[in-house]
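Listed below, chain by chain, are the residues.
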Number of protein chains: 2
Amino acid sequence: MVADDLFKALADPTRRTILDELTQKSGQTLFEICARLSMKHQLGISRQGVSQHLAVLEAAGLVETRREGRYKFHDLNTAPLRRIADRWLAPHPSGPEENTP
Amino acid sequence: MVADDLFKALADPTRRTILDELTQKSGQTLFEICARLSMKHQLGISRQGVSQHLAVLEAAGLVETRREGRYKFHDLNTAPLRRIADRWLAPHPSGPEENTP
DNA sequence: TTGATAGGCAAGTGACTGCTTGCCTATCCT
DNA sequence: AGGATAGGCAAGCAGTCACTTGCCTATCAA
């Protein structure tokens, strides 16, 4: 389920802060994001923790990555965000989501 | 944290289905929502489960309630939804969310 | 080639969460 | 009054999640 990945990704405050950082400066590496979370947000989190958060954001389609040599750059993709509110702003004839987990 | 309640509320698929139902028909009671989840969505969930979900949605500001006698009606409030995407669509000078849990 | 840098994989742990069950209160209808 | 209906409170349980630790691979610079 696509919507599920999206909302689950947004549910964590650290992931939302990562999106904030990528909004300010796109194309950051893992270490760069780690440094910013630590410096600007006083987030004492390990590199692995950030890496796992980025994986969740990528699975949700909110972050796209490109490799260059040993560097992996992370870019923001706001497309999924813009469709969130639309779902509940107008009545739908049928439920847009199957809910059988 | 307001944003935290909002995103946590949206993280659960059952709660999103409840929002779908309230979009279709506003002002439903707890039992009415229970019946619709069971009939239309094959969700085998207890009344307490639905009640707890509604409490979370109300804490997030997505649902507002009004009592009339022994009935409690639930109405949708889409205002918080419309501000979600805005956060990451334009760069912010400083982080809009404190992240010190 | 050696060391340093950037990142990945996997297992373990503590906390949170969704859900149930059991019991209780309040309102309405005969 | 008495039963039925609508809803609330609280404890308990199982599954999920965020995070850490330890080790491994790949690229670059000397």
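Report follows, based on the coordinates. Each chain carries its own residue numbering, running from 1 in the direction its sequence is written. The naming scheme follows written order: chains are lettered A onward, ligands numbered 1 onward. Given that this is a predicted model, residues contribute local features only at a pLDDT of at least 70 and side-chain atom pairs are listed and counted only at 80 or more, while totals for whole chains, interfaces and linings are drawn from all residues. Note that water and hydrogens are dropped before the side-chain values are worked out from all heavy atoms of the structure.

**Considering unusual backbone geometry**
Residues and elements named next belong to chain A. A positive phi angle is found at Q42, which is not glycine, with a value near 50°. On the secondary structure map, Q42 appears in the loop between helix 3 (30-41) and helix 4 (47-59). A residue is classified by how much of its surface remains accessible, and Q42, at 59% relative accessible area, is exposed. What counts as a helix is a DSSP run of H or I of at least four residues, what counts as a strand is a run of E of at least two, and both are numbered from the N terminus. With a 1.4 Å probe rolled over the protein chains alone, any residue whose accessible area is under 20% of its type maximum counts as buried; one over 50% counts as exposed, and the rest are partly exposed.

**Section: the packing of helix 2 (residues 13-24) of chain B against helix 3 (residues 30-41) of chain B**
Residues and elements named next belong to chain B. Orientation of helix 2 relative to helix 3, taken along the N-to-C sense of each, is 105°, at an axis distance of 11 Å. Between helix 2 and helix 3, the angle is such that the two are roughly perpendicular. Where helix 2 approaches helix 3, its residues T14, T17, I18, E21, L22 and Q24 are matched on the opposing element by I33, R36, L37, K40 and H41. Lys, Arg, Asp and Glu make up the charged group, whereas Ala, Val, Leu, Ile, Met, Phe, Trp, Tyr, Cys and Pro make up the nonpolar group; the residues left over, Gly among them, are polar. Here the residues of the contact of helix 2 with helix 3 are counted per class, giving four nonpolar, four polar and three charged. The axes used here are C-alpha line fits, helices contributing only the stretch in contact, and every angle between their N-to-C directions lies in the interval 0 to 180 degrees. For this classification, under 35 degrees means roughly parallel, over 145 means roughly antiparallel, 65 to 115 means roughly perpendicular, and everything else is oblique. Contacts are assigned to residue pairs with any non-hydrogen atoms lying within 4.5 Å of each other.

**Some thoughts on the environment of G49(A)**
Residue and element names in this part refer to chain A. Looking at the element boundaries, G49 is found in helix 4. Residue class for G49 comes out buried when judged on its relative accessible area of 16%. As for G49 and T14, which are separated by 35 residues in sequence, their C-alpha atoms are 9.9 Å apart.

**Points about the protein's contact with DNA strand D**
It suffices for a single heavy atom of a residue to lie within 4 Å of a molecule or strand for the residue to be listed as near it. Near DNA strand D, the surroundings consist of 23 residues, among which R15(A), S46(A), H53(A), Q48(B) and K72(B) are the closest. Considering the 4 Å shell around the protein, atoms of DNA strand D inside it are sugar or phosphate in 61% of instances. By the criterion applied in these results, polar contacts are pairs of N or O atoms within 3.5 Å in which, for protein atoms, one can donate a hydrogen and the other can accept it, and in which residues neighboring in sequence qualify only through two side-chain atoms. Residue G44(A) places a main-chain N or O atom 3.4 Å away from a phosphate oxygen belonging to DNA strand D. The separation between a base oxygen of DNA strand D and a polar side-chain atom of Q52(A) is 3.0 Å. With four residues, the single largest contributor to the surface near DNA strand D is helix 4 of chain A. Each residue belonging to the surface near DNA strand D can be placed in one class, and the counts come to four nonpolar, eleven polar and eight charged.

**Details of the side chain of H41(B)**
Residues and elements named next belong to chain B. Within the element layout of this structure, H41 appears in helix 3. Residue classification places H41 among the buried residues on the basis of a relative accessible area of 8%. Within the structure, H41 has its side chain in polar contact with the side chain of E21 (distance 2.9 Å).

**What to know about the environment of L89(B)**
The topology assignment puts L89(B) in helix 6 (residues 86-89). Using a relative accessible area of 39% as the deciding quantity, one classes L89(B) as partly exposed. Apart from the residues within four sequence positions on either side, L89(B) is in contact with T78(A) and R82(A).

**A few points about the pairing of strand 1 (residues 63-68) of chain B**
Residue and element names in this part refer to chain B. In this sheet, strand 2 (residues 71-76) lies alongside strand 1 in antiparallel orientation, the contact comprising six bridges. Note that in strand 2 the partner of R67 across the bridge is K72. Counted along the chain from strand 1 to the antiparallel partner strand 2, the turn is two residues long, and its residue G69 has a positive phi close to 60°. By definition, two strands form a pair when at least two bridges between them are found by DSSP.

**A few points about the pattern of salt bridges**
When a carboxyl oxygen of Asp or Glu lies within 4 Å of a side-chain nitrogen of Lys or Arg, that pair is called a salt bridge. Tallied over the entire structure, the rule returns 16 salt bridges over all chains. Salt-bridge contacts for D20(A) lead to R87(B); the nearest nitrogen and oxygen are separated by 2.7 Å. Of this pair, D20(A) sits in helix 2 (residues 13-24) while R87(B) sits in helix 6, which puts the two residues in different chains. The exposure class assigned to D20(A) is buried, which follows from its relative accessible area of 5%. Among the residues examined, R87(B) registers a relative accessible area of 12% and is labelled buried. Residues D4(B) and K8(B) are paired through a salt bridge, measuring 2.9 Å at the closest nitrogen-oxygen approach. One end of the pair, D4(B), and the other, K8(B), are both in helix 1 (residues 2-10), four residues apart, so they sit about a helical turn from each other. The exposure class of D4(B) is buried, given its relative accessible area of 16%. The network of salt bridges with common partners includes D4(A), K8(A) and R16(B).

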